[in-house]
Amino acid sequence: MSSRLSSELIAPWEEINAYQQQMGREAKYGACSVFVGSMRDFNEGQDVQRMLLEHYPGMTDKFLEQLCLEATERWELLDTLLIHRVGEIRPNDTIVVIAVWSAHRKQAFEACRYLIEELKHRAPLWKKESLTGGDRWVEKNT
């Protein structure tokens, strides 16, 4: 199980492949479910030029780790990978990568969906969007 924050660009498929290689040939997974979220250049009917994603060091890291633990307690998972971007983000940049490995697809799909939904609703992260006419803070769940 691995979770981390990144202030650098994320290459999702390279991260997933590298992590899967680390798992080694002993891994007995039959399914890997993946979610990759990217920044849109619009929100609430306005163009967004960039976004600042703020976090509370220590608290946010622990939250990501706890969230992965919650998923492994609810489903029969072999492994999870969760990487979330912080700092300045531009349109089309990857914001989040979630990969879940399980022996069966149902557990992988359900756990992956759980992770992104809980992340969106509960994570201690704060978004400030830069628009043509100024900046605004964004409410959770968007």
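The shown structure was predicted, so the numbers you read here are calculated from the model rather than taken from an experiment.

Chemist: Which residues make up the side chain of Ser6, and what values do they have?
Modeler: By the secondary structure assignment, Ser6 is in strand 1 (residues 2–6). A polar contact of 3.0 Å, which involves the side chain of Ser6, links it to the backbone oxygen of Glu8.

Chemist: Run through the nonpolar core, naming residues and quoting values.
Modeler: Among the nonpolar cores identified, the biggest contains 28 residues, and Leu67, Ile98, Val100, Leu115 and Leu119 are the most heavily contacted of them. Where this core is concerned, the elements lending two or more residues are strand 4 (46–55), helix 2 (59–74), strand 5 (77–85), strand 7 (94–102), helix 3 (105–122) and strand 8 (125–131). Counting residues per element, this core draws most heavily on helix 3, at six residues. If we skip the residues at most four places from it in the chain, Val100 touches Ala31, Cys32, Ser33, Leu77, Asp79, Thr80, Ala108, Ala111, Cys112 and Leu115. Residues Ile16, Tyr19, Leu81 and Val97 belong to the second largest nonpolar core, which totals nine residues.

Chemist: How would you explain unusual backbone geometry if you had to name every residue and give the values?
Modeler: In the Ramachandran plot, Glu44 falls in the positive-phi region, its phi being about 50 degrees despite a non-glycine side chain. Relative to the helices and strands, Glu44 resides in the loop between strand 3 (42–43) and strand 4. In this structure, Asn92 is a non-glycine residue whose phi angle is positive, near 80 degrees. The class of Asn92 is exposed, set by a relative accessible area of 67%.

Scoring rules and cut-offs
Residues numbered from 1 in each chain as written. Predicted model: local features only at pLDDT ≥ 70, side-chain atom pairs only at ≥ 80, totals over all residues. Heavy atoms only, no water. Helix = DSSP H or I, 4+ residues; strand = E, 2+ residues; numbered from the N terminus. Polar contact = N/O pair within 3.5 Å; in protein donor to acceptor, adjacent residues only side chain to side chain. Core = buried A, V, L, I, M, F, W, Y, C linked by side-chain atoms within 4.5 Å. Buried < 20%, exposed > 50% of the residue type's maximum accessible area, 1.4 Å probe, protein only. Contact = heavy atoms within 4.5 Å.

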